[in-house]
Amino acid sequence: MSVAAAPRAASCTLERRGERVVLVLAGDWLLAQGGPSAAGVLHRVTASGARELGFDCAALGDWDSLLVTLLHRLDAACEQAGVTLLGDGLPEGAQRLLALAGAVPRRGEAPPAHPPWWRRLLDGQILAGAWRELLDALGFIGEIVLACGHLLRGRANTRAVDFFWFLQQTGPAAIGIVTLISVLVGMILAYLGSVQLRQFGAQIYVADLVGIGMVREMGALMTGVIMAGRTGAAFAAQLGTMQTREEIDAVRTLGIDPTEFLVLPRLLALVLVMPLLTLYSGVLGMCGGALVALGMDVSWTQYLNETRNAVTLTHIMTGEAKAVAFGVVIAVAGCHAGMRCGRSSEAVGKATTRAVVSAIVWLIVADAAFNILYQRLGI
Amino acid sequence: MRAGDPHIEVRGLTMRYGARVIQRDLDFTVNRGDVFVIMGGSGCGKSTLLKHMIGLLEPAAGEVLYDGVSFQRAGAAGRDALRRRWGITYQSGGLFSAMTLAENVALPLQQYTPLDAAAIADVVAYKLALVGLAGFEDYYPSEISGGMQKRAGLARAIALDPEILFFDEPSAGLDPLSSRLLDELILHMRDALGVTVVIVTHELASIFAIGNNSVYLDAESRTMLDHGDPKTLRERSRHETVRRFLARAGTEDA
Ligand SMILES: Nc1ncnc2c1ncn2[C@@H]1O[C@H](COP(=O)(O)OP(=O)(O)O)[C@@H](O)[C@H]1O
Ligand SMILES: [Mg+2]
């Protein structure tokens, strides 16, 4: 393989020489420039009805895997057709590589099936998969309940350090984004209401609208959405990566229940943090509302008094109840996706996506359920 | 450019992470057709040296020359041209898990050759056959064993007929038999393809089975103690540490 000036195009022709058919190879056979199609050469060889195939490489220039690839295919095809392949005309290196490629026989077993998604949809596999997943999620929740039971009896493998670590990660670290979103949502609510209320000079009631709206509804919901994207995704990615690195197997084989060890600290931290963040979000939302109200000839004191009259403890508790439930939903969705993650880096991505999507879906479902319940109870 | 000519030259190389010097003043030559072993205890900087050689890390001082061309002083285009001639297998395979084996091996071919899909499929089949994985085209990396993943990583590394093959701990995590088979495969590759092989390992059996040139990195003095044929070093190294390191294998072999 010397450094040639300009590479010449690869070519091959078939010649009949007495008993055998000879493939005359010429030019440079290099991956970087390509050559005649293997299928075409194969076709010509079979069409010639040869019993013996030889090679003439006198005009062959540089060569690399491109040539051996052709030989490898010819070799397999000749064996199938009962043609004897005589490799002695080939460069020595190519003969060696050909032998090496044929050294390990091809495995007969069929590869695992990877049907496309529409096929699986038609076969009902996707529906069945969703059903299995739902059952699995219920099983996962059952494991969590059992683990909580162990924890209450003081016999769980849940470490306090982990709990405090996740408390820090889910709480203080999220303050910034919660602040920003809450103030903005408060302002949006205020603008939305003021347009209507101004028409009959009742802009003071913006305080009621924002206060009750934030405390009962938007505080918990917005915090939930933020935490689903921020914390639920992080849980899924952490646990999923642990799954790919066999860390969860290690936990299990050390005789430690992974639910107690990995899921509970995350779940408890989030369940504790969510109501606090929701409360905080409500207060900031009201501040945002106040900013807007100030621009509409409502004074600070008026706004404050009106808010105090409007927002009762019941309102606050309804919001807090939602926050606790949302915390559970987000943590369960995130941890479930992570614990059931596959073993590849792609699976971690899928788990993260699933954690966020299912957390948000179930957040909205739970929120609707709460509102229907409150309506029935008249609170 | 014949076998035995200098292929890779490491000149005055000092490697650092931040302020922490890992190894200093490394100076050695890898010849064409060598199976060159980077050896030393755990954490002495073998992987770090390999990453410097393949340009993933910038040296604190010194340079690495390929056929007399400095990688560090080559521009972006020059570096790309050098890289094109290397095949690298990673400690844990480095296969893309979202792609089948065939797609993994096809990737560099699609990137750098004008071949059409059918031709690429043929080359992929040949490369997989070369590493003993014929018929595994449509498997995902997670569906095959660790040893097979290593071999599939090798198939991807040799997709473009590299001149130099780099391995980081190819036999880590393999059983002795698979590890022996991989060693043999590496030797076959060297003989058939005429490549230069640079390999990081602390498996003493491998060092003697395949290595014909080597460098020993010492964790304590933070520099290389000796270089040369490992079999010679075992008998005649100037350094007690190197002889002891290699002698442990001698007793195992016998
Ligand atoms: N990315 C990094 N940043 C800082 N230090 C590192 C990094 N990678 C490795 N090290 C340190 O450099 C030293 C050499 O590491 P490495 O080259 O991986 O050793 P080995 O010889 O086992 O392959 C070790 O002490 C390791 O802790
Ligand atoms: Mg290493």
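All chains use their own residue numbering, which begins from 1 and follows the written sequence. Lettering of chains starts at A and numbering of ligands starts at 1, both following the order in which they are written. Local features are withheld for residues below a pLDDT of 70 in this predicted model, meaning they are given only at 70 or higher, and side-chain atom pairs are given and counted only at 80 or more; totals for whole chains, interfaces and linings count all residues. Excluded from the side-chain calculations are hydrogens and water; all other atoms, namely the structure's heavy atoms, are used.

A. Focus on the domain arrangement of chain A. Just so you know, the domain bounds were taken from an automatic or database domain assignment. The assigned domain composition of chain A is domain 1 (11-103) and domain 2 (130-377). Centre-to-centre, using C-alpha coordinates, domain 1 of chain A lies 67 Å away from domain 2 of chain A.

B. Quick look at the packing of aromatic side chains. Residues and elements named next belong to chain B. Whether two aromatic rings pair depends on their centres lying within 6.5 Å, for rings of Phe, Tyr and Trp, where Trp uses its six-membered ring; planes under 30 degrees apart make the pair stacked, over 60 edge-to-face, and the rest tilted. Inspection of every chain in the model, using the stated rule, returns nine aromatic pairs over all chains. Ring geometry for Phe-28 versus Phe-36: centroids 5.1 Å apart, planes at 15 degrees, classification stacked. You'll find Phe-28 and Phe-36 in the same group, each marked buried. Aromatic pair Phe-71 and Trp-86: ring centres 5.5 Å apart, planes at 35 degrees, arrangement tilted. Residue Phe-71 is located in the loop between strand S5 (69-70) and helix H2 (76-83), and its partner Trp-86 is located in strand S6 (residues 86-89); the two are separated by 15 residues in the primary sequence. Working definition: with a 1.4 Å probe on protein chains only, accessible area under 20% of the residue-type maximum means buried, over 50% means exposed, and in between means partly exposed. Classification of Trp-86 by relative accessible area gives buried; the value is 8%. Every member of this aromatic cluster is reached through a ring pair, and the members are Tyr-66, Phe-71, Trp-86 and Phe-166. Note on conventions: DSSP H or I runs of at least 4 residues are helices, E runs of at least 2 residues are strands, and numbering of each starts at the N terminus.

C. Expanded view of the site of ligand 1. Residue and element names in this part refer to chain B. Note on definitions. A residue lies near a molecule or strand when any single heavy atom of the residue is within 4 Å of it. Neighbouring ligand 1 are the residues Tyr-17, Arg-20, Ile-22, Ser-42, Gly-43, Cys-44, Gly-45, Lys-46, Ser-47 and Thr-48. Think of a polar contact as two N or O atoms within 3.5 Å of one another; within protein, one of them needs to be a possible hydrogen donor and the other a possible acceptor, and neighboring residues in sequence only count if both atoms come from side chains. Taking Lys-46, its main chain carries an N or O atom lying 2.8 Å from an oxygen atom of ligand 1. With respect to ligand 1, the side chain of Thr-48 contributes an N or O atom lying 2.4 Å from an oxygen atom. Using a 1.4 Å probe, the Shrake-Rupley method yields the accessible areas, and only the shown protein chains count as cover for residues. Contact with the protein chains hides 58% of the accessible area of ligand 1, taken as 560 Å² for the molecule alone. Only strand S2 (20-31) and helix H1 (46-53) provide two or more residues apiece to the shell around ligand 1. Here the element with the most residues in the shell around ligand 1 is H1; it accounts for three residues. Residues are grouped as follows: Ala, Val, Leu, Ile, Met, Phe, Trp, Tyr, Cys and Pro are nonpolar; Asp, Glu, Lys and Arg are charged; every other residue, Gly included, is polar. When its residues are assigned to classes, the shell around ligand 1 shows three nonpolar, five polar and two charged.

D. Region of interest: empty space enclosed by the protein. Residues and elements named next belong to chain B. Here a cavity denotes grid points, spaced 1 Å and computed from the protein atoms alone, that fit a 1.4 Å probe unable to get out, and a pocket denotes an open set having protein on both sides within 12 Å along at least 5 of 7 lines; residues with an atom within 4 Å of a point are the lining. Grid points are joined across faces, edges and corners, and a volume is the space filled by probe spheres set on the points. All told, the structure shown has two cavities of 30 Å³ or more when counted by the stated rule. The space that makes up the largest cavity amounts to roughly 60 Å³. Mapped by element, the contributors of at least two residues to the lining of the largest cavity are helix H5 (146-157) and strand S7 (164-168). Approximately 40 Å³ is the volume attributed to the second largest cavity. In terms of lining, the second largest cavity is formed by His-7, Tyr-66, Asp-67, Leu-82, Arg-85, Trp-86, Glu-163 and Ile-164.

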